[in-house]
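# Tertiary structure, described
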Amino acid sequence: MNNTKNTEVERRSFWEKLYIPEIAKGLGLTLAEMFKPKFTRQYPEERWEPLGSYRGRPVLVDDVDGERCVACGLCSRVCPALAIEVNADETDRDKERFPVKFEINMLRCIYCGFCEEVCPEEAIVMSKDYELVFQRQEDAIMDKEKLLVPVAQLQDRLEFLRQYR
Ligand code: SF4
Ligand code: SF4
């Protein structure tokens, strides 16, 4: 092994051993980059709009006839960070059960998307929301009020899921 390495080094020309061509190539690349158009984003004035494949904050889908969640608890069981708490209650609507309490602790969430993957109702999805700032720990615990997002705002993600599942 060492012998092969030594032979390779010996085979290099004088200039290659000085590394000058490689240094010149590197400097050339840097110079070329300097004259290319810049794409620094002036955030927050210029906001970034992620694609449907983006995994931002998990949210609950608020459909035309209300929340899709049937409080089966699968998302809570699969969550590796133990971030989801669901309490079920009965309802006289078609779906029989609904989450009387649904909370996600965003200090724990690692954006893995497992909750979305196991949900049988497409009721919890990863949104495009990447702006999460909390001043107090309690603010990071999102209840149903903060989690429910109208289905119309989640179309990109829902289409992405249907395409790639
Ligand atoms: S994205 Fe992952 S960590 Fe976050 S709530 Fe869902 S399962 Fe838990
Ligand atoms: S979000 Fe989906 S997986 Fe979680 S409790 Fe509701 S229906 Fe079940």
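Summarised in this report is the structure supplied together with it. Since the model is a prediction, treat every value here as computed from it, not as a measurement.

### Some points on the layout of surface pockets
Regions of empty space are outlined by a rolling probe, equal in size to a water molecule, passed over the atoms. When its volume is computed, the largest pocket comes out at roughly 190 Å³. What lines the largest pocket is a set of 15 residues, and nearest its centre among them are Ser127, Lys128, Asp129, Gln153 and Leu154. Its residues placed into classes, the lining of the largest pocket shows six nonpolar, three polar and six charged.

### Some points on the nonpolar core
With 20 residues, the main nonpolar core has Ile84, Phe102, Ile104 and Ile124 as its most contacted residues. Elements with a minimum of two residues in this core: strand 3 (84-90), strand 4 (97-105) and strand 5 (124-126). Every residue in contact with Ile124, bar those within four places of it in the chain, is listed here: Pro58, Val59, Leu60, Val61, Ile84, Phe102, Ile104, Cys115, Glu116 and Cys119.

### Here we look at a nonpolar patch on the surface
A surface patch of nonpolar side chains, amounting to about 450 Å² of accessible area, comprises Phe14, Trp15, Leu18 and Ile20. Per-element tally for the nonpolar patch: the top contributor is helix 2 (residues 14-18), with three residues. Its location among the elements puts Ile20 in helix 3 (residues 20-34).

### Digging into the pattern of salt bridges
Enumeration according to the criterion identifies 14 salt bridges in this entry. With a shortest N-O distance of 3.0 Å, Glu33 and Lys36 are connected by a salt bridge. Overall, the relative accessible area of 44% leaves Glu33 in the partly exposed class. Residue Arg57 pairs with Asp129 through a salt bridge whose shortest N-O separation is 2.9 Å. Within this pair, whereas Arg57 is found in the loop between helix 3 and strand 1 (58-63), its partner Asp129 is found in the loop between strand 5 and strand 6 (141-142), the two being separated by 72 residues in sequence. Among the charged side chains, a network of salt bridges with common partners joins Asp63, Arg68, Glu122 and Arg162.

What counts and what doesn't
- Throughout this document, residue positions are counted from 1 along each chain, in the order its sequence is written.
- Ligands are numbered from 1 and chains lettered from A, in the order in which they are written.
- At least 70 in pLDDT is required for a residue's local features to be given in this predicted model, at least 80 for side-chain atom pairs to be given and counted, and no such filter applies to totals for whole chains, interfaces and linings, which use all residues.
- As a rule here, side-chain values come from all non-hydrogen atoms in the structure, and water together with hydrogens is ignored.
- In this analysis the probe radius is 1.4 Å and the grid spacing 1 Å, with only protein atoms considered; a cavity is a set of points the probe fits into but cannot get out of, a pocket is an open set with protein on both sides within 12 Å along at least five of seven lines, and lining residues have an atom within 4 Å of a point.
- Grid points are joined across faces, edges and corners, and a volume is the space filled by probe spheres set on the points.
- Gly counts as polar in this scheme, as do all residues outside two lists: the nonpolar Ala, Val, Leu, Ile, Met, Phe, Trp, Tyr, Cys and Pro, and the charged Asp, Glu, Lys and Arg.
- What makes a nonpolar core is a set of buried Ala, Val, Leu, Ile, Met, Phe, Trp, Tyr and Cys residues whose side-chain atoms join them at distances within 4.5 Å.
- Exposure classes here rest on a 1.4 Å probe applied to the protein chains alone. A residue is buried below 20% of its type maximum, exposed above 50%, and partly exposed in between.
- Working definition: helices are DSSP H or I runs of at least four residues, strands are E runs of at least two. Numbering for both runs from the N terminus.
- Working rule for contacts: check all heavy atoms of both residues, and any pair within 4.5 Å makes them a contact.
- Excluding any residue in a salt bridge, patches collect residues exceeding 30% relative accessible area, merging like charges within 9 Å and nonpolar Val, Leu, Ile, Met, Phe, Trp and Tyr side chains within 5 Å.
- Computed with the Shrake-Rupley method and a 1.4 Å probe, the accessible areas treat only the protein chains shown as cover for residues.
- Here a salt bridge means any side-chain nitrogen of Lys or Arg lying within 4 Å of a carboxyl oxygen belonging to Asp or Glu.

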